Amino acid sequence: MFLKDCWYVGACSTELGARPFARRILDEPVVFFRTTDGRAVALHDRCAHRGAPLSIGTVRGAEIECGYHGFRYGPDGQCAFMPGHHSVAADVAVRAYPVIERWGWIFVWMGDPARTDPARVPDYHWIGDPDWAGKGDLLWVGASYTLVRDNLLDLTHAKYVHKQTLATDAVTEFPVTARIEGDRIRVERFMPRIAASPFFAALGGYTCPVDHRQMIELEPPASIVISVCVASAAGSGENIATEFRVINALTPETMRSTHYFWSLQRNFARDDAALNDRMYQMNRDTFLEDVLVLERQQERIDGDRGWAGLITPADQGIVLADRVLRRLIENERRGFSAVASASDGPRG
Amino acid sequence: MFLKDCWYVGACSTELGARPFARRILDEPVVFFRTTDGRAVALHDRCAHRGAPLSIGTVRGAEIECGYHGFRYGPDGQCAFMPGHHSVAADVAVRAYPVIERWGWIFVWMGDPARTDPARVPDYHWIGDPDWAGKGDLLWVGASYTLVRDNLLDLTHAKYVHKQTLATDAVTEFPVTARIEGDRIRVERFMPRIAASPFFAALGGYTCPVDHRQMIELEPPASIVISVCVASAAGSGENIATEFRVINALTPETMRSTHYFWSLQRNFARDDAALNDRMYQMNRDTFLEDVLVLERQQERIDGDRGWAGLITPADQGIVLADRVLRRLIENERRGFSAVASASDGPRG
Amino acid sequence: MFLKDCWYVGACSTELGARPFARRILDEPVVFFRTTDGRAVALHDRCAHRGAPLSIGTVRGAEIECGYHGFRYGPDGQCAFMPGHHSVAADVAVRAYPVIERWGWIFVWMGDPARTDPARVPDYHWIGDPDWAGKGDLLWVGASYTLVRDNLLDLTHAKYVHKQTLATDAVTEFPVTARIEGDRIRVERFMPRIAASPFFAALGGYTCPVDHRQMIELEPPASIVISVCVASAAGSGENIATEFRVINALTPETMRSTHYFWSLQRNFARDDAALNDRMYQMNRDTFLEDVLVLERQQERIDGDRGWAGLITPADQGIVLADRVLRRLIENERRGFSAVASASDGPRG
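Owing to the predicted nature of the structure, the values given are computational and were not obtained by experimental measurement.

A. Here's a closer look at the relation of the copies chain B and chain A. Expressed as a screw transformation, the operator carrying chain B onto chain A has a rotation angle of 120 degrees and an axial translation of 0.1 Å, and the superposed copies differ by an RMSD of 0.1 Å. Seen this way, the second copy is the image of the first under a three-fold rotation axis. In terms of proximity to the rotation axis, the leading residue of chain B is Asp302 of chain B, whose C-alpha is 13 Å off the axis.

Okay, here's the thing in C-alpha cells:
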C-alpha cells in the first residue's frame, strides 16, 4: 500500500537530541537518535530480545541501549553488547534504515537497503539557499497522505477552505493543465490580472491587480513543491515581483495518518526576521484549515471503502498522480526499481 | 437491521439554524440545514466530488456549499453549481431524505423515497395542543434503540432504577396486559388504591391513595407514547385527576447508540411555567438514571452476542415488539411496504 | 488462553464494602460483594433476566438485587426472588465463583467449580505472620500477565529499569540457575560481595558489601514469590542480615491487561510503621517503572503477533514457565486436572 524504495522525511534535525524518540512511518515503529558524535540514526524500534521499544532507552556513544535489559545496538542495527555475555552472535540485530540529513530534515529510506540511492533525495535546495529565506514545521494530519497530496494538487480549494488567507475568488475561473514528465506530475495555472489574495498581498505588499502563476510539481509518492510567482500586472501602476516555494514532504504514518513536513521560502526581504515569523504563522494557520477538512474527509471515506468521488477537470493532477503511484507500487511489488528518473521521458 | 421506511425524528427544530450540522442516523451520515427561507433539509453528508462532509460547509440561499471545493446542492440533493463549470450533469447529486417539520421536531424518512408517506408521521399531537402543556429534550444513549424501547415497555424497572422519582413499591404487584393491534403494541397496567409515586405526587399534589393507570403504545419501530392517568382513589378524601403523556421517539444512531427525543405533556396547570421547568428537570433526571443502566446493559450484551435473557410475564410487550419488528424488517427486505395501518386488525 | 482451574486473587478484602463492585477477570465480568454478615461473594456480573450488570445493584442481606428490575441472587448464584412472582424456577441463576478470603485478599476460582480445591490456594503465609511485616497494593497493567510474569522471572532488568532503586550494576555479572519442581519453576541467583542496591541499602542500612541471594518461585500460572536475602559480606566490618518476600499475584483481566496484586514483607524492624510506608512507597514507585516498560512492550508485540524474541541464558525461567503453562492449559482443555502437586516430582 506504500511505496517503500524512496526517501521520506522522517524527522526534523532539531528533533534529534540527547534522547531517542519514536515515530511510526509506513506503519513501522522507528526510533531516531543522534550518536554522541552527531550522526543521525534510524532503527526499527523493537529490541530483538524481548520486544521493548528501544526509544525508551538511552544513547551511549554511537549505540542505543535498550531500557529493559540493556542490549546495545549500533547505527547499523547490529547488537554490539548483551549484558552478561562476552560475545554477540551476528544475527542479533534490528533493522537499520539508511538516513541522510539535509536541509534541516532527516530523510529515511524505508525500502530495500540494497537499492538505497542518495541521488534520489527530493530537491528542496531552496531551504538554506542564500537567495531564499523562510521557515517550516511539522504537522500531524489524521488523514491518508494521498488525501493530503490531493489537497495540494487542486488549489481551487483555497477559495473555500482558506477564505481569510490564500483565497482569491478568481481561482475557479482559470483552468489548470496537468502533465506527466517521467514519473513526475506537473500542474499549472496562470491567473492574469486578478486581485492578489490576502496572503500574498500581505507578504508582498500588492494593492493592484497581479499576474499569479502556480506550478505544482509532484515527485511520487508524496513530495510536492509549489512554485508561486506573483507579479504586478502590466499597467497596474505597481511594479512588484515575488516568488514563493511551498515545500511539502508527506510521510505516511499509517494508511490514514500523515506526518506533514513543510517549509515556506521566499526570494525577497530575506533578512526580515519578523516577516519570516509572520509568513510562518500565516502558513501554519492555513494548513490547519486544511487539516480540519482532511480529517473529516477521511472519516467520511472510512465509512464507505468502496466509494469513489467525481472527477472534474481540476482533478487532472490527482488522476495522474493516482495512476503513477499505482504503477510504481505495482513495480516495486514485482521487484523493479521504484522510481524512474525524469530523463526516461513521459509515460503513464 | 433497521426499519427504514418510516419517519424518525432526526433533529429538534431549534437545532437547525444558520449553520448546517451533522448527525448519524441508522448509521448514515446526515447533514441538516435550514434554507434562508426557512425550509428544513436533510442530505447525505458527503460531497459527491471528494467525499468531504457537507456539514462543514455553508448555507447559501436554498443550497448548501461544500466547504472544500464549493460544490452546491439544493434541497433535492441535486448539484446546482460546480465552480469553474457552466453546467452540471444530472447525475451529480447526493441523496436527499424527505423531511417533515412538525411539533418542533424534524421527521426524516430514511427509506425508499418513493414510499414516503406523510400520513405515517407518528401522532404526537399533544405537543402544541392548547389543552396540554409541557416540554421535551434530546438525550444521547450509548445503547441500542431496542434496549431503550424495552426499558419503556416494562415500567416495573421504575421501582429499582427510579427510587427517588417514579418509583412506587406497588408496581410489581400488578400484572400487565399486552396485545397487538395491527402492528402496534399496547401494554397496560392498572394499579388501584396505591400510594402516589414521588414524581406524580409532587406534580399533582396527591397526599392520599390514587388509582394509577399506565398505557404504553408502541408504533414500530420505536415510537412510544405512554399515557399516565392518576386520580384520587374513591373515598380517599381527595379529588384530583391528572393525565400525562410521555412521548418517546427513539432514533437509532448506530446499532448500539440512540438519539432519544422526548417530550412530557400534562393536562393541568398549563400556564404554570415553573411547573413546566420542574417537570422537565425531574423527567430528565429520571431518564439519565435509565441511561446509566442501559449503557451498562449494552456493554454486558456486547460481551456475549449469542446471549438471550429470561422472559417473564412483565416482558410480554417486549416479546411482541421483537416479533413485529423482525417481521417488518423482513418484509421491507423483501420489498413489501413496511408498516401496515392499524385497521388491518390484529396479527403477530 | 487462560488457565482456569486455579485460584486467582480477585480483589483486596478492603475493596468489598457495602456496595458491590465489578472487575473483569479472565475476560469475564465478575461482581464482588460482601453479604451483611460479612461473607465474600463473587458472581457472574450479568443478570439472567435482561443482562444488566448486577454490580450496579444493591446488597440485601445475603443477596444482591439487580438495579434494573429487582431480581435477587444468593451467594450460590441462584435467583432467590423475582419481583411479582411467588416462586422462582431452579434454572434462573447466574454463575457463582468459589471464593476464599485469606491474607487480606479474595481468592476466586474461575474454572470448573467441581474441581475447586482449597488446598491449592498459593502460599502467601508471610502476610499476617507475626515474624514478618509489610504492606501491599494493587496495580493495573496494560500488558499481558505473561509479560508481567517474565519481568519478574528475569531480574537483570533492575539494572536498566530501576536505576534509582533496585539496580545493582553487578546483577548482570552473575548467572541464574532455573529448574522445574513439579509444575513450579525456581530461578536463583547468588551475588556475593556486591554493593547493596539503593533500595536494600536504604531499608537495611548497609554501607559495606553484601552477599545478595535472589530466589524466584513461580507457581503457575502467575503466582510469584521472590525471596531476597541480603547479608553483610564476611569481613566487611558490618553484621546485618535481612530478608524480604515480594509476593506477586498476577490476575489476567484480558489477554493484554493484568490486575497486579503485590505485597512486600520483611523480617526485621517489624514495628516500624514509618519504614512500612517508606518500603511500600519505594516498591510502588519501582513497579510503576516496570508498568511503563511493560505497556510499551505490549504495544510493540501487538503490532506483530508472529514475532518471537531472543532467548538468552537469563531467560531460562521464562522458557520453562512458558513450557509448563502451555502444558497445563492443554491438559485443562482435555479435561485433566490443571496443576499437579509438587510431590509429583520434576517434569517438563
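B. Representation of the interface of chain B and chain A in the model. Each partner contributes to the interface: chain B provides 28 residues, whereas chain A provides 24 residues. Summing both sides of the interface, chain B and chain A together bury roughly 2,000 Å²; the carbon and sulfur share of this comes to 57%. The three residues of chain B that bury the most area against chain A are Arg46, Arg50 and Tyr68 of chain B, which together make up 35% of that side's buried surface. Counting across the chain B and chain A interface gives three salt bridges. Salt-bridge contacts for Asp304 of chain A lead to Arg46 of chain B; the nearest nitrogen and oxygen are separated by 3.3 Å. For the pair chain B and chain A, the interface holds nine residue pairs in polar contact (both at pLDDT 80 or more). Taken together, the residues that form the side of chain B that touches chain A break down as 13 nonpolar, nine polar and six charged.

C. Up close: the environment of Leu43 of chain C. If you trace the backbone, Leu43 of chain C turns up in strand β4 (residues 40–44). Taking C-alpha positions, Leu43 of chain C is 11 Å from Ile25 of chain C, a pair spaced 18 residues apart along the chain.

D. Examining the pairing of strand β1 (residues 7–12) of chain A more closely. All names here are of chain A. In terms of burial, β1 is largely enclosed, as six of its six residues are buried. Of the strand pairs in this sheet, β1 and strand β11 (residues 105–109) are connected by five bridges, and their pairing is antiparallel. Paired with Tyr8 across the two strands is Val108, which belongs to β11.

E. Region of interest: the environment of Val187 of chain C. All names here are of chain C. Within the secondary structure, Val187 sits in strand β14 (residues 184–194). The spacing of Val187 and Val230 is 43 residues in sequence and 17 Å in space, taken between C-alpha atoms. Once residues lying within four places of it in the same chain are set aside, the contact partners of Val187 are Leu153, Val176, Thr177, Ala178, Gln214, Met215, Ile216 and Gly317.

Rules of the game
- Along every chain, residues carry numbers that run from 1 in the direction the sequence is written.
- Lettering of chains starts at A and numbering of ligands starts at 1, both following the order in which they are written.
- This being a predicted model, a pLDDT of at least 70 is required before a residue's local features are given, and a value of 80 or more before pairs of side-chain atoms are given or counted; all residues contribute to the totals for chains, interfaces and linings.
- Excluding hydrogens and water, the side-chain figures rest on all heavy atoms present in the structure.
- The least-squares superposition of copies is restricted to C-alpha atoms, and to residues with a pLDDT of at least 70 in both copies.
- Throughout, a residue-residue contact means that at least one pair of heavy atoms, one from each residue, lies within 4.5 Å.
- Once two parts are brought into contact, the accessible area they lose, counted with a 1.4 Å probe and summed over both, makes up the buried area.
- For this document, the term salt bridge refers to a Lys or Arg side-chain nitrogen within 4 Å of an Asp or Glu carboxyl oxygen.
- N or O atoms within 3.5 Å of each other form a polar contact, as long as, within protein, one can give a hydrogen and the other can take it, and as long as residues adjacent in sequence are counted only when both atoms are side-chain atoms.
- Side-chain classes follow a simple rule in which Ala, Val, Leu, Ile, Met, Phe, Trp, Tyr, Cys and Pro form the nonpolar group, Asp, Glu, Lys and Arg form the charged group, and the remainder, Gly included, forms the polar group.
- In this text, helices come from DSSP runs of H or I with a minimum length of four residues, and strands from runs of E with a minimum of two, each type numbered from the N-terminal end.
- For every residue, the accessible area (1.4 Å probe, protein chains only) is compared with the maximum for its type, and the residue is labelled buried under 20%, exposed over 50%, or partly exposed between those bounds.
- Think of it this way: DSSP has to see at least two bridges between two strands before they count as a pair.

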